[in-house]
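Next come the chains, spelled out residue by residue.
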Amino acid sequence: MNFEYSDRCKALLESLQSFMEKHVYPNERTIYDQVFAQPDDFRQWQPLEILEELKVKARAAGLWNLFLPDSELGANLGNLDYAPLAEIMGRSYWAPEIFNCDAPNTGNMEVLVRYGTPAQQDRWLRPLLDGTIRSAFAMTEPAVASSDATNIGTRIRRDGDDYVISGRKWWTSGAGDPRCEIMIVMGQNDPDNPNRHARQSMILVPTNTPGVHIRRYLPIFGISDAPHGHMETIFDDVRVPAENMLLGEGRGFEIAQGRLGPGRIHHCMRLIGVADRALERLCRRLSERTTFGEVIADQSLWRFRIAEARCRIEQARLMTLKAAWMMDVAGNKAARAEIAMIKIIVPRMAAEIVDLAIQAFGGGGFADTVLTMAYVYARTTQVADGPDEVHSNQLARLELARHAAADPAATAGEGDVMVAQGRDYERIEKWVLGC
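Everything quoted here is computed from the prediction, not taken from an experiment.

Caption draft 1: Up close: unusual backbone geometry. Residues Ala 103 and Pro 104 are joined by a peptide bond in cis, for which omega reads 0 degrees. Within the secondary structure layout, Pro 104 lies in the loop between helix H5 (95-98) and helix H6 (105-115). Here the residue pair Ala 226 and Pro 227 is connected by a cis peptide bond, since its omega of 0 degrees sits within 30 degrees of zero. Mapped onto the fold, Pro 227 is located in the loop between strand E6 (212-217) and strand E7 (230-241). A positive phi angle, close to 55 degrees, is found at Phe 221, a residue other than glycine. Here Phe 221 shows up in the loop between E6 and E7. The exposed category is assigned to Phe 221, whose relative accessible area is 56%.

This is how it looks when you write it as structure tokens:
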């Protein structure tokens, strides 16, 4: 395995770090003031002026669409080279959007790049790449356990030259943004197909189509996440042209696997940055405070916690880089075990280290916007893009299959009880009883 970054990656990394230092970190307070100043005001659901200003500067600096491994549309970086850039962006909650590298838009753009027709790309991909519109991904439903996507009940029915979509979705991330013009919707078009994974399709639904109703936003720990928003969405006999179907009927799972692999690793890359910044702030805070006549950072309990946190971040980073490298050299399918592993450990690691930082800040930790939003992001990612349980189940299946296909004689990994032979157990028992 070679984790050496390319020269292009190193140059972009230096430019990105400089941009964050000059433009993003100094403006965080302004960003949060615009987000939280008047929670009940209509302005909450409007684009943030400061972000739009920073996007212009980011694009002028060549820091735009860094996630796309395409020389014409993106930065022409593989997963391994994108990893350190995503980590730096992850240090600030709003930074990914500044560089047009935020979810779910990145995943939706990747879907259109891989599976969209030329007409679909011209209509939707180009403005998404330009950042002039936003998008949403509608998959999760309140009526079923959506971690098993075969449970999804939204219907996609062919009617002449159209498809008609009927169903109820929630946690449709990005649908609250007034610039959201397109949704990728997953639903059943062939519910009776004996192959459970061939029943689903994905289709493009413009948000202004009659019958699309954004019913409400769903807060996370009381936070609206405006203007992005995670919405409950009703599709009431929504009619769209047949050419809006992505790839073809029954190929929704194929698209989902192509979309979620990179999306999952992007979350993990960003969460490394979330955890690293939280630990840095924790260390500085503890070095500035005393309790009972002693600097808190000198207390053995906190030193153990700091050391443990650093170990966990480095372990998570190395595993994430390995997964990225495998995706680049062997493909997403070959790296599915590594992707599952990092999706299990990285969000949990980040959430626990951010929680530790909140503890270190005491009462101030609950008022600190950067930490609270970092915790919201880390904790929700344990559910988003597949909950921990799904990835653990998949990883266990892969592990069991790996050992079932191997000869235990070659590894001494047999499942039998190993008992030493030739021992006089009766004499040993008499000796023990005699004692």
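Caption draft 2: Structural detail: the state of the cysteines. For the structure on display, the rule yields zero disulfides. Residue Cys 180 stays outside any disulfide, its sulfur separated by 18 Å from that of Cys 101, the closest cysteine. By relative accessible area, which is 7% here, Cys 180 ends up buried. With no disulfide of its own, Cys 311 lies 13 Å from the sulfur of Cys 283, the closest cysteine sulfur.

Caption draft 3: Inspection of the pairing of E7 at higher detail. Sheet analysis places strand E3 (residues 162-173) next to E7, joined by nine bridges and oriented antiparallel. Bridge pairing links Ser 173 to His 230 in E7. By the bridge criterion, five bridges tie E6 to E7 in an arrangement that is antiparallel. Within E7, the residue paired with Arg 216 across the bridge is Glu 232.

Caption draft 4: Molecular detail of the pattern of salt bridges. What the rule picks out here adds up to 30 salt bridges. Between Glu 352 and Arg 312 there is a salt bridge whose closest N-O contact spans 2.6 Å. With Glu 352 in helix H10 (residues 336-361) and Arg 312 in helix H9 (residues 300-330), this residue pair connects regions lying 40 residues apart in the sequence. Glu 352 sits in the partly exposed class, given a relative accessible area of 39%. For Arg 312, a relative accessible area of 24% gives the class partly exposed. Linked by salt bridges that have partners in common, Glu 87, Arg 91, Asp 276, Glu 280, Arg 284, Arg 310, Glu 314 and Arg 317 make up one network.

What counts and what doesn't
Residues numbered from 1 in each chain as written. Predicted model: local features only at pLDDT ≥ 70, side-chain atom pairs only at ≥ 80, totals over all residues. Heavy atoms only, no water. Helix = DSSP H or I, 4+ residues; strand = E, 2+ residues; numbered from the N terminus. Buried < 20%, exposed > 50% of the residue type's maximum accessible area, 1.4 Å probe, protein only. Disulfide = S-S within 2.5 Å. Pairing = 2+ DSSP bridges. Salt bridge = Lys/Arg side-chain N within 4 Å of Asp/Glu carboxyl O.

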